[in-house]
Amino acid sequence: MHRPVNAFRKNGINYNEYLHPLLIGDVELPNNVILGPMAGVSDLPFRLLCHEMGAGLVCMEMVSAKAITYHNRNTVGMLEIHPSERPVSLQLFGSEPEVMAEATRLIADVPYDILDVNMGCPVPKVVGNGEGSALMKNPELIEKIVKAISAETDRPVTVKIRKGFNENSINAVECALAAEEGGAEAIAVHGRTREQYYSGEADWSIIRKVKEAVSVPVIGNGDVVDGPSAKALMDETGCDAVMIARAAEGNPWIFKEVIAYLQNGETPERPSMKEIYDTVIRHADLQLKYKGEYIGIREMRKHVSWYTTGLPGSAKFRAAINTMDDMESLKKACADIFLTF
């Protein structure tokens, strides 16, 4: 499922076993370090940054299949893709095979590379509608959904699942097999149950079990926060790729660092305050370009909060930026905190 790149050995470790291109269906990713889909986070500006930092695939925010069929205006905006961020994965959520199939037909002209089905979202509103991680209660429905979508697109279809719905229903392997039977060409597995949300430690052993059960690439997700943890996940599970989500919030450099570590066992120096500042400003400019000032600055506030976590005076700074309503004020405040060191 992959072909190695230039071999590099250090302390007896063959690092080309870790970092390599990855083939999902007929789509070849330049490397196997992936930005996971995050609602309210992995929008176009953030995806562009993570792509520039080296992410081999960037995943979009989940989009409601039903909203697509209703031609919802806000949903249409979420489907925007920039050519330079590709390869990109578009993620749908829904629970009705016929609606998922119709949505797939309606987005045929959207230039995504991979179509993913969300089977892991733990949010009550989504789960209450029988969507997201609620699908793991019904592996037969999983197969039907993947089959229905696959019949409507010639692009690879993948799924993202969890360990199970709760500790009494650990069925990731059964769900992965159902998805594969339906035509899924890769499976991403988060090592937590829906009941856990994002608390506690991810159970990587379930990722290994899925890897041993299916023949398509398996993407491991959960508790990857740096290069060593990415390598440890691959060592423990044999997964073909690692997916990074929350650890990338306010930290798009994680992709550059993980890639370097998987390539040669070394972690680059963390970015300087000037480099962080430049990235924050670029992020703000992208928000302004694609969202406009009113929405852009309001969405940028949470990102700036993540970028400044742990800095002296950051709590006071975050309180201040939450009252700002124009980009110039936000940029000036960022200069004050990042460029005074």
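Structure shown above.
Worth saying up front: this structure is predicted, and the values here are computed from it rather than measured.

Novice: Hey, could you run me through the overall build of the protein chain in this one?
Specialist: Scanning the protein chain for helices and strands turns up 13 helices and twelve strands. A globule of 341 residues ought to have a C-alpha radius of gyration of about 20 Å, and the protein chain, at 20 Å, matches this closely. When its C-alpha atoms are laid out on the principal axes, the protein chain stretches across 55 × 55 × 40 Å. Burial statistics for the protein chain: of 341 residues in total, 58% are counted as buried. Within the protein chain, counting contacts between residues at least 6 apart in sequence, those at least 24 apart form 67% of the total. Carbon together with sulfur atoms contributes 50% to the accessible area of the protein chain, which is approximately 14500 Å² in total. Positive and negative side-chain charges of the protein chain, numbering 36 and 46 respectively, have mean locations separated by a distance of 4 Å.

Novice: Even after reading the chapter, I still don't get the nonpolar core, so can you show me in this structure?
Specialist: Soluble globular proteins: nonpolar side chains tend toward being buried together. One finds Ile161, Ile187 and Phe255 to be the most contacted residues of the largest nonpolar core, which totals 94 residues. Counting residues per element, this core draws most heavily on helix α11 (residues 273-307), at eleven residues. Among all residues touching Ile161, those that are not within four sequence positions of it are Met119, Met136, Ala172, Cys175, Ala176, Ile187, Ala188, Val189 and His190. Counting 13 residues, the second largest nonpolar core, distinct from the first, contains Cys59, Ile114, Ala186 and Ile219.

Novice: What should I look at first to understand α11 in this one?
Specialist: The α-helix advances 3.6 residues per turn, and as a result positions three or four apart in sequence lie on the same side. In this model, α11 (35 residues) spans only 10 Å end to end at C-alpha, well below the 51 Å of a helix rising 1.5 Å per residue. The principal kink in α11, of about 125 degrees, is found at Gly292.

Novice: What is the right way to look at the packing of aromatic side chains in this model?
Specialist: Two measures describe an aromatic ring pair: the distance that separates the ring centres and the angle between the ring planes. Across all of its chains, the model carries one aromatic pair by this definition. A ring pair is formed by Trp253 and Tyr307, whose centres lie 5.9 Å apart and whose planes are at 70 degrees; its orientation type is edge-to-face. Note that Trp253 is positioned in the loop between β12 (241-244) and α10 (254-264) and Tyr307 in helix α11, a separation of 54 residues in sequence. In this arrangement the basic side chain of Arg155 is found over the ring face of Tyr112, its NZ or CZ atom lying 3.9 Å from the centre.

Novice: What is the right way to look at the pattern of salt bridges in this model?
Specialist: When their charged atoms lie close together, side chains carrying opposite charge are able to pair. Summed over the entire model, instances satisfying the criterion amount to 18 salt bridges. Where Lys291 meets Asp43, a salt bridge forms, and the shortest distance between an N and an O atom there is 2.8 Å. Here Lys291, found in helix α11, pairs with Asp43, found in the loop between β5 (33-35) and α1 (44-52); they are 248 residues apart in sequence, far enough to count as distant. On the basis of relative accessible area, Lys291 is assigned to the partly exposed category, the value being 26%. Within the structure, one salt-bridge network assembled from shared partners comprises Asp43, Lys291 and Glu299.

What counts, and at which threshold
- Residues numbered from 1 in each chain as written.
- Predicted model: local features only at pLDDT ≥ 70, side-chain atom pairs only at ≥ 80, totals over all residues.
- Heavy atoms only, no water.
- Helix = DSSP H or I, 4+ residues; strand = E, 2+ residues; numbered from the N terminus.
- Rg over C-alpha atoms; globule rule 2.2 N^0.38 Å.
- Buried < 20%, exposed > 50% of the residue type's maximum accessible area, 1.4 Å probe, protein only.
- Contact = heavy atoms within 4.5 Å.
- Areas by Shrake-Rupley, 256 points an atom, 1.4 Å probe, with all protein chains shown as cover.
- Lys, Arg positive; Asp, Glu negative; His and termini not counted.
- Charge placed at Lys NZ, Arg CZ, Asp CG, Glu CD.
- Core = buried A, V, L, I, M, F, W, Y, C linked by side-chain atoms within 4.5 Å.
- Expected span 1.5 Å × (residues − 1).
- Bend = angle between axes of the 7 residues up to and from the residue.
- Phe/Tyr/Trp six-rings, centres within 6.5 Å; stacked < 30°, edge-to-face > 60°.
- Lys NZ or Arg CZ within 6 Å of the ring centre and 35° of its normal.
- Salt bridge = Lys/Arg side-chain N within 4 Å of Asp/Glu carboxyl O.

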